[in-house]
Amino acid sequence: MADEWGIALNLAEPATLAALAGRAEAGGLDVVVLEEDDNDEDNGLDPWTTAAFLAGRTDSIQIAIPGEPGAVSPAMTAKALDSLALLAGTRLITTGLDGEIAPATTLDDVDRLVEKAGVRDRSQRPAAVRAQRRDGIDYDGIPASLTGTAIEPGDPGYRGVRSTYLRGGSPGLVLRPRTPAEVADALAFARRHRHVPLGVRSAGHGVSGRSTNDGGLIIDVSALNEITVLDERSRRVRIGPGATWKQVAAALDRHGWALGSGDYGGVGVGGLATAGGIGLLSREHGLTIDRLRAVELTTADGTHVRASAQENPDLFWAVRGAGANFGVATAFEFEAEEVGEVGWAQLVLVSPDIEQTLAEFGAVARAADRDTTVFLVTGPPRQGQSVVQLYGLVDNPDPEVVVERLTPFAQTGLLAQQQVVLTSYAQVMAGAADVGPNGHHGRGEPVTRSAFLPVLTPEFARDAARLLRTGQVYFFQLRHMGGAIADTPADATAFTHRTPEFQVTAMGGDRAALDIAWDRLAHHFDGLYLSFETDSRPERLTDAFPPPVLERLRGLKHDYDPTNLFRDNFNIQPRKN
């Protein structure tokens, strides 16, 4: 019996196309094939326009189309395909048909084919879907617990999971566990597929883009997103890795609490809570990892482990800064802080001298009270002028204090626009867009560099200004550090860079050119923040972790992941005993 059953529709007869496609879908056929009429080029419908129309009139049947849409450039072709995918997702196919396709011009033609196809086992994916599978993955061996939620390249919904915020991807399989036991099943599957890349994803916003790949596996823990208050008195909360910080902030705000969490509410808890968390509350309350009291992990061999100051303390030390190398976090326990109304500021400055503005910003930030955190963003100068965006938070409900704290920052350039409000931390995080079923739509590979800046000196301001004038950096950010970040001893966590004034990030479009320009500033830096880094040269790992820390991490890697399953990141090699 044929693998694929479908009807072929002649585009020269448009009146009945929707009715025929709908009847085919209702009858359980697999595909509608659109055929151009070679003898009627003027009157026949465009197949791609028709495919989009039929996708909007049907729910699940696949639509096969001849070739790709005509376009004047590859970029326009990609855009056309992307636009069509918004309507039809992966139901649009151009290859992979293997079965019986019969022409249909009437509803009776469709009904005859439905009767011929008969009752079939519909648990198997259609042949056109199977044709899009990637080599090297045992799709038939997916654990039973994960088959209902797994997404492969030919499935509806694939478009929503393939890419991340900044990186385009085409993974061969996305596994979506809903429980720690299912995480263990996913890792067992990954152990049988060490020959393909492995990514772990909470929300897919990570700047580095490492939670997608080409042809590999993704373990997506977004379904592990519960937020539970464990103890009101101690403000202890349990949070799943798949929750976003926007969701966390909203849940904690009902109690008058908050957890510092970067600067964007769309980021997932899992990635940030294992890397560091340099955010708008950090100078007042420390890094995100400084509020972590326990973490539950599923390690490479499928073992469920709890780590805290009392249980597996070495692992707890490692997870706070190098967690991506040691397991898949399935839950975090944090001690939230009491946080009331805050001053939230968004300022736009114009600077005719970006070197001077950077130097003045550094001096102002150095003298700021620890309740005040301000980040700076700029790009290449235009016609001798730089636009500088300052956004920051003052953890104080007094309007006069807020204005007093922010005024020196506003004077580091010509103030062109300002918005300062008293609000809740939850409202600050609420500015992030929700990620719907269509997911993120990053393209290509992100190109970023990251570093810690011990002191913003006049010499750094000069060299940073030169960097911006090269045109190789379109986004340049200074994240204000200091304050409570430095209260935690450097050896308390694997994140050891506690005393820099700033964390610096630069984004560009050309990897080689950005590396050359950025490396000229290396003498100003001491270490880097891995979450914002995409340079994969080996020395980046030694930048992130001083030698004694890296050696300790390598020993723990040997204990918890001796076969190096978690390798497709800034990989810490297990120590060989």
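Residues numbered from 1 in each chain as written. Predicted model: local features only at pLDDT ≥ 70, side-chain atom pairs only at ≥ 80, totals over all residues. Heavy atoms only, no water.

### What to know about the pattern of salt bridges
Counted by the stated rule, this structure contains 41 salt bridges. Note that aspartate 515 is salt-bridged to arginine 449, the shortest N-O span being 3.0 Å. Taken together, the residues aspartate 515 in helix α17 (residues 511-519) and arginine 449 in strand β20 (residues 448-453) connect sequence positions 66 residues apart. Arginine 449 shares its class with aspartate 515; the two are buried. In the salt-bridge network here, residues are joined through shared partners; they are Arg449, Arg511, Asp515, Asp519, Glu533, Asp535, Arg537, Arg540 and Asp543. (Salt bridge = Lys/Arg side-chain N within 4 Å of Asp/Glu carboxyl O. Helix = DSSP H or I, 4+ residues; strand = E, 2+ residues; numbered from the N terminus. Buried < 20%, exposed > 50% of the residue type's maximum accessible area, 1.4 Å probe, protein only.)

### Section: the pairing of strand β9 (residues 227-231)
Sheet topology places β9 next to strand β10 (residues 236-239); four bridges connect them, and they run antiparallel. Counted as the bridge partner of isoleucine 227 is isoleucine 239 from β10. Taking the residues that link successive antiparallel strands as the turn, the β9-β10 hairpin has four residues, and the phi of arginine 235 there is positive, at about 60°. (Pairing = 2+ DSSP bridges.)

### Concerning helix α4 (residues 107-117)
Taken together, the buried positions of α4 are Asp109, Val110, Leu113 and Ala117. For α4, the angular spread of the buried residues around the axis is 100°, confining them to a single face. Set apart from the buried face of α4 by more than 90 degrees, the exposed residues are Asp108, Arg112 and Glu115. On its buried face, α4 sits against β1 (4-10), α1 (17-26) and β5 (99-103). (Arc of directions from axis to C-beta. Contact = heavy atoms within 4.5 Å.)

### Some thoughts on unusual backbone geometry
For arginine 235, which is not a glycine, the phi torsion comes out positive at approximately 60°. By the element assignment, arginine 235 lies in the loop between β9 and β10. Under the relative-accessibility criterion, arginine 235 is labelled buried at 17%. Positive phi outside glycine occurs at asparagine 312, with the angle close to 50°. You can see asparagine 312 is positioned in the loop between β13 (304-308) and α12 (313-322). Note on asparagine 312: relative accessible area 34%, which makes it partly exposed.

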